[in-house]
Amino acid sequence: MKASSNAILALSRSFYGKRLTNADFDALLHCSSVGEAAQYLLLKTPYADAIAESGVTSFTARFLEELVSKHRFASFVSLCRFEMAIGNAFYRYFIMRDEVDQIERATLMLISGNTEIYLQRVNSFLDKHLSIDLFAIGRANSLEEIAASLDRTAYGSIYRDCLLAPKVDYLTFEQALEAHFEKEVRKLCKTCFSAGEREALLELICRAQDCRLIERVWRAKRFYRGVPDLYADLTARDVPLTLLNERTLKQLASCESATDVIRILEKSPYHGWISEKGEQSVEYQLEKQLYEICRKQIRFSTYPGVVMFCYLQLSAVEAKNLLRVIEGVKFHVPPQVIAQNLILEPTN
């Protein structure tokens, strides 16, 4: 069992060692077409297998993006084999995270009247590996139809309870789904890990969840100042995964502006994480901070669960970088503009 756990640690670091370098991204940024970018990935990077196995020689941006996701998921599956070999089910964390993200996104797109955008971005490869039917929720024309598509999943009753809430809006669904996710993650961590590893892993998960929360609250306070009750019940969650104490959560819920959000965070574990004066978006700043923590932990942590979590977080950043490059090349965005939106390792 210990040998299998160590194999997870070693394999995660091995996959991380094959990551794209800053030089790789620089070369991709200067590709003149999506086809040229695909050729570079085929000849010079670990994405070669996914591209070669596709048998495709003429690539669209959308198809290349799916192959990037397929490559990342193949690494995830390899890690899952070792997890299952030791009776560990923590891989479920990443499946549930994808499922909740997709349900939230589909709900938001439907409420805003942009369901066609969601369907355009559905990843057919990912759809095969989740318990939810992405195409069914994407084709839904009402919240009731989304609920019907989820009836035979763990999310069906949660979604229908939201439909019966006194106030039915996106935040109703988001907070209910996030509360369910956090409850299930705590169960997983308690079942899968001993005290030291569980504590270290939960801290990382809390940071990842807090980044999502901070981004949402900051956006609400910046763009919806006329709706003061947004996120008014941040402390109502049964099992919050957060490093923020109750007082800070209440302050965030009741503050009046995005500037107030930053001021409150300066007295929290996220001191210095975001700034309104920076050129980058708040989402970018938060993701960059989490990236740096994971980059450090994947090297120095002795806990297999922590190293695996960090690798998958870092590989998600790499995938996002690639998607930004592919879209930028497709629309002939200047390389320096694309580069400003990439999260890369610091250069010496």
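Being a predicted model, the structure only gives us computed values, none of them experimental. (Residues numbered from 1 in each chain as written. Predicted model: local features only at pLDDT ≥ 70, side-chain atom pairs only at ≥ 80, totals over all residues. Heavy atoms only, no water.)

Undergrad: Before we move on, could you go through helix α14 (residues 246-254) and cite the residues and values that matter?
TA: Within α14, burial applies to T248, L249, L252 and A253. Within α14, the buried residues cover an arc of 140° as seen down the axis, which keeps them to one side. Exposed residues lying more than 90 degrees from the buried face of α14 are R247 and S254. Summarising the contacts, the buried residues of α14 are in contact with α13 (195-223) and α15 (258-265). The N-cap of α14, judged by a side-chain oxygen 3.2 Å from the amide nitrogen of R247 a few residues on, is N245. (Buried < 20%, exposed > 50% of the residue type's maximum accessible area, 1.4 Å probe, protein only. Helix = DSSP H or I, 4+ residues; strand = E, 2+ residues; numbered from the N terminus. Arc of directions from axis to C-beta. Contact = heavy atoms within 4.5 Å. Polar contact = N/O pair within 3.5 Å; in protein donor to acceptor, adjacent residues only side chain to side chain.)

Undergrad: I'd like a description of the packing of aromatic side chains, backed by residues and values.
TA: Given two aromatic rings, one states the distance between the centres and the angle between the planes to describe the pair. In the structure shown here, the tally under the stated rule is 13 aromatic pairs. Ring geometry for Y93 against F181: centres 5.4 Å apart, planes inclined by 55°, an arrangement best described as tilted. Residue Y93 is located in helix α6 (residues 92-111), and its partner F181 is located in helix α12 (residues 170-192); the two are separated by 88 residues in the primary sequence. For Y93, a relative accessible area of 2% puts it in the buried group. (Phe/Tyr/Trp six-rings, centres within 6.5 Å; stacked < 30°, edge-to-face > 60°.)

Undergrad: Outline the layout of surface pockets, listing residues and values.
TA: Here the second largest pocket defines a volume of roughly 560 Å³. Along the wall of the second largest pocket there are 30 residues; nearest its centre are F15, H71, S75, Y311 and E318. Of all the secondary structure elements, the ones that give two or more residues to the lining of the second largest pocket are α1 (2-17), α2 (22-29), α4 (48-54), α5 (61-85) and α17 (304-330). Its residues assigned to classes, the lining of the second largest pocket comprises 15 nonpolar, seven polar and eight charged. (1 Å grid on protein atoms, 1.4 Å probe; cavity = no way out; pocket = protein on both sides within 12 Å on 5 of 7 lines; lining within 4 Å. Points joined across faces, edges and corners; volume = space filled by probe spheres on them. Nonpolar A, V, L, I, M, F, W, Y, C, P; charged D, E, K, R; others polar.)

Undergrad: Explain the nonpolar core residue by residue, including any values.
TA: Counting residues in each nonpolar core, the largest one holds 84 residues, and the members touching the most others are F90, Y93, I205 and F309. Ignoring sequence-local partners within four residues, the contact set of I205 consists of F90, Y93, V185, C189, L241 and F309. One finds F25, Y47, V329 and I338 within the second-largest nonpolar core, a separate group that totals 24 residues. (Core = buried A, V, L, I, M, F, W, Y, C linked by side-chain atoms within 4.5 Å.)

Undergrad: Pulling in residues and values, what's your account of the pattern of salt bridges?
TA: Summed over all chains, the structure comprises 18 salt bridges. A salt bridge links E184 to K187; its shortest N-O distance comes to 3.5 Å. In this pair, E184 and K187 both sit in helix α12, three residues apart, roughly one turn of the helix. Its relative accessible area of 22% is what places E184 among the partly exposed residues. With a shortest N-O distance of 3.1 Å, E292 and R295 are connected by a salt bridge. (Salt bridge = Lys/Arg side-chain N within 4 Å of Asp/Glu carboxyl O.)

Undergrad: Which residues make up the packing of α13 against helix α16 (residues 282-300), and what values do they have?
TA: One can describe the packing of α13 onto α16 by two numbers: an axis separation of 10 Å at closest approach and a directional angle of 170°. The angle between α13 and α16 places the two elements in the roughly antiparallel class. On α16, the residues touching L204, R207, A208, C211, I214, E215 and W218 of α13 are V282, E283, L286, L290, I293 and C294. Within the contact of α13 with α16, the residues separate by chemical class into ten nonpolar, no polar and three charged. (Axes fitted to C-alpha atoms, helices over the stretch in contact; angles between N-to-C directions. Parallel < 35°, antiparallel > 145°, perpendicular 65-115°, else oblique.)

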